[in-house]
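Each chain is listed here by its residues.
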Amino acid sequence: MTGVRNLILVLGDQLTRGLSSIAAGDPARDRVLMAEVHDEATYVRHHKKKIAFLFSAMRHFAAELREAGWQVDYVTLDADGNTGSFTGEVERAVAARGPERIVVTEAGEWRVAAMIKGWEERFCVPVDILPDDRFLSSIEAFAAWADGRKQLRMEYFYREMRKKTGLLMDGSEPAGGKWNFDHDNRKPAKTDLFMPRPNEIAPDETTQGVLALVADRFDNHFGDLAPFTFAVTRGDAEDAFAAFVDKALPRFGDYQDAMLAGEPFLYHSVIALYINAGLLDPLKVCAAVEDAWRAGDVPLNAAEGFIRQIIGWREYVRGIYWLKMPGYEASNFFGHKRPLPDFYWTAETDMMCLREAITQTKELAYAHHIQRLMVTGNFAMLAGVDPAEVHEWYLCVYADAYEWVEMPNTIGMSQFADGGLLASKPYAASGAYINRMSDYCGNCRYDVKQRTGPEACPFNALYWGFVSRNRNRIGNNPRMKQMVRTYDRFDGDEQERITQSAAAFLDSL
Ligand code: FAD
Ligand code: DLZ
Ligand code: SF4
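Residues numbered from 1 in each chain as written. Chains lettered and ligands numbered in written order. Predicted model: local features only at pLDDT ≥ 70, side-chain atom pairs only at ≥ 80, totals over all residues. Heavy atoms only, no water.

By the assigned domains, the protein splits into domain 1 (6-130), domain 2 (139-196 + 248-324) and domain 3 (343-508). Summarising the inter-unit geometry, the C-alpha centres of domain 1 and domain 2 are found 31 Å apart. Approximately 790 Å² of surface area, both sides summed, lies buried where domain 1 meets domain 2, with 61% of it carried by carbon and sulfur atoms. Of the charged contacts, one joins Glu106 and Arg318 as a salt bridge, the two residues approaching to 3.3 Å between their closest N and O atoms. Inspection of the domain 1/domain 2 interface yields four residue pairs in polar contact (both at pLDDT 80 or more). (Domains from an automatic or database assignment. Buried area = accessible area lost by both parts, 1.4 Å probe. Salt bridge = Lys/Arg side-chain N within 4 Å of Asp/Glu carboxyl O. Polar contact = N/O pair within 3.5 Å; in protein donor to acceptor, adjacent residues only side chain to side chain.)

On to the site of ligand 2, then. Near ligand 2 there are 17 residues, and of these Gly12, Asp13, Ala35, Val37 and Glu40 occur at the shortest range. Between Glu109 and ligand 2, the recorded distance is 3.2 Å, taken from a side-chain N or O atom to an oxygen atom. A distance of 3.4 Å separates an oxygen atom of ligand 2 from a polar atom in the side chain of Arg111. For the shell around ligand 2, the element with the highest residue contribution is helix α3 (residues 48-67), accounting for three residues. Taken together, the residues that form the shell around ligand 2 break down as nine nonpolar, three polar and five charged. (Near = heavy atom within 4 Å. Helix = DSSP H or I, 4+ residues; strand = E, 2+ residues; numbered from the N terminus. Nonpolar A, V, L, I, M, F, W, Y, C, P; charged D, E, K, R; others polar.)

The next subject is the pattern of salt bridges. On inspection of all chains with the given rule, the structure shows 26 salt bridges. For Asp26, the salt bridge is made with Arg29, and the minimal N-O distance between the two is 3.2 Å. For Asp26, a relative accessible area of 23% corresponds to the partly exposed category. As a salt-bridge pair, Asp73 and Arg97 come within 2.8 Å of each other at their nearest N and O atoms. Of this pair, Asp73 sits in strand β3 (residues 72-75) while Arg97 sits in helix α4 (residues 86-97), and the two are 24 residues apart along the sequence. Note on Arg97: relative accessible area 18%, which makes it buried. Because the salt bridges share partners, they merge into one network encompassing Arg31, Asp73 and Arg97. (Buried < 20%, exposed > 50% of the residue type's maximum accessible area, 1.4 Å probe, protein only.)

Every one of the 28 residues lining ligand 1 counts as a neighbour, but His268, Ser269, Val270, Asn276 and Tyr366 are closest to it. Interatomic distance of 2.6 Å between a side-chain N/O atom of Ser269 and an oxygen atom of ligand 1. At a separation of 2.9 Å, a nitrogen atom of ligand 1 approaches a polar backbone atom of Asp400. Isolated, ligand 1 exposes 810 Å² of accessible area, and the fraction of that covered by the protein chains is 99%. The biggest single contributor to the shell around ligand 1 is helix α19 (residues 403-414), with six residues. Grouping the constituent residues of the shell around ligand 1 by class yields 15 nonpolar, nine polar and four charged. Each of domain 2 (139-196 + 248-324) and domain 3 (343-508) accounts for three or more of the residues forming the shell around ligand 1. (Areas by Shrake-Rupley, 256 points an atom, 1.4 Å probe, with all protein chains shown as cover.)

What follows covers the sheet that holds strand β5 (residues 127-130). Spatially, five strands are ordered β3-β2-β1-β4-β5 in an open sheet, and the strand pairing comes out parallel. Where the open sheet ends on each side, the last strands, each with one partner, are β3 and β5. On average, each strand axis in the sheet is tilted by 20 degrees relative to the strand beside it, whichever way the strands run. Here four bridges tie strand β1 (residues 6-9) to strand β4 (residues 101-105), and the two strands are oriented parallel to one another. Pairing of Asn6 across the sheet is with Arg101, part of β4. (Pairing = 2+ DSSP bridges. Axes fitted to C-alpha atoms, helices over the stretch in contact; angles between N-to-C directions.)

Counting 181 residues, the largest nonpolar core has Phe53, Leu249, Tyr274, Phe306, Leu354 and Phe379 as its most contacted members. If you tally residues by element for this core, the top one is helix α14 (residues 300-324), at 12 residues. The residues contacting Phe379, other than those within four sequence positions of it, are Pro341, Phe343, Tyr344, Met351, Leu354, Phe459, Leu462, Phe505 and Leu509. (Core = buried A, V, L, I, M, F, W, Y, C linked by side-chain atoms within 4.5 Å. Contact = heavy atoms within 4.5 Å.)

Turning next to helix α9 (residues 205-217). For α9, with 13 residues, the first-to-last C-alpha span of 18 Å sits near the 18 Å given by 1.5 Å per residue. Residues Thr207, Val210, Leu211, Leu213 and Val214 constitute the buried set of α9. All buried residues of α9 project into a common sector of 165 degrees when viewed along the axis, lining one side. In α9, the exposed residues that point more than 90 degrees away from the buried face are Glu205 and Asp216. Each element contacted by the buried residues of α9 is listed here: α3. Where α9 begins, the capping side chain belongs to Asp204, and its oxygen is found 3.2 Å from the backbone nitrogen of Thr206. (Expected span 1.5 Å × (residues − 1). Arc of directions from axis to C-beta.)

See below:
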């Protein structure tokens, strides 16, 4: 037995050199363990591109650590003896290396965190679980912020984060005199605008090896593997982000909520997969955006909107996840039970908005926020789909999906399944919203202007059906009251037609 001091386990979404477990180590005395394991690749049937991205990024990170002098035990998925689980791989490493301690940065997902907690007793080796200081707010700090508050609202948390980081602050005041410029960020996109595309990286030899492995082993998973153009190294991820700042950020704010057929990225950054896996540093990213604003290269509504997503929403949803887990995954405020329609996997639907969002999800493992929230999410909520099934779908299909960020966005923000803990009102909308923010409806077989009947946009009857059946649950919400009143003003025949249309559509699914 070699007898190392610390065995440092680095998980697939911890690909950061400054990670607490690595920073606490010593290359001369410690050993890093990284493992591609079947259990992680299959606990949901992740999109093929997501698995390929992560395995390739893990292999490149292991190479980077070795170059920096670390001894790394890297277990590939097809290595002899791979047990297929973190527990099994740590057990083998403990037997082979005889470490004095196991060191790991806290896992992002509750499931894995619970697994790690059992190791000390199981292996009779002390396990040090270090905080993940890549987040601005620790799990404990968020819980302290939330404690005793009647309502948790992102906006107030976000202001705390602005003060804490000093981002976009002029002394103690927010730059530009306002904390939030969201009001300026609701322009529908125009087809004639210049659309930058994210950087596309040609697969190197390592990535090609991973692509062959994924094609062979995960053929039954959702999504297209080729073409694969994601960055898999820190350098390429940084270049992709720099290109975004240069080309897309100036319009990020204005067109943040817009949707256009054939333009999956618009002015979005497509960096969530890199930040979440550890290839980009959230604070550095925000500092670069502030610099671009201070240099006069981007407007304040773009810089503020972008920074809010990262130090506001991203941190806030993580705080909610750890505050409410376990149990949050079973939230079902509306008691929805419908299975997820098959077209979420096939994209075979006449509804143009859903077809676009799901087709690109299949091709790219990406859809932007408004597509996730107001198209696929909105539809599932209006149709009464079981939130647990919706959650599993989002966790499967996006390259940036990890439970700590996906679950609160799905269960809380998009399905309102937590009854309003995270969001101040359900993000429910009829076809009119999608028509305003996109060019989808003009090319759809349904008529967005009709409320009922076989030609009517299904979102319309479903929306009013949702308002009507949940009036006792949401009618007191000041932001939904108006909708209930509008429904009440429809005459009895129209209300009946709405009920019939919604039922006929749902039966047809
Ligand atoms: P941009 O639009 O360019 O935004 C910049 C960055 O801000 C993102 O990269 C991301 O890091 C952060 N961000 C933006 N919105 C959010 C948000 N609501 N919560 C947390 N971070 C945010 N995001 C994930 O990272 N992983 C998920 O699994 C995920 N699942 C989602 C599920 C649903 C139902 C919804 C409505 C949203 C989900 N989001 C998720 C949030 C958001 O949609 C994605 O972060 C974003 O679309 C990623 O694309 P982008 O990198 O181009 O982001
Ligand atoms: C998502 C994922 C996948 C698909 N595969 C692996 C893997 O083989 N090895 C690994 O270390 N991590 C993987 N991950 C990421 C983990 O699921 C993630 O680190 C945990 O969910 C904890 O957040
Ligand atoms: Fe979607 Fe309705 Fe518009 Fe068709 S008409 S694209 S279903 S919102």
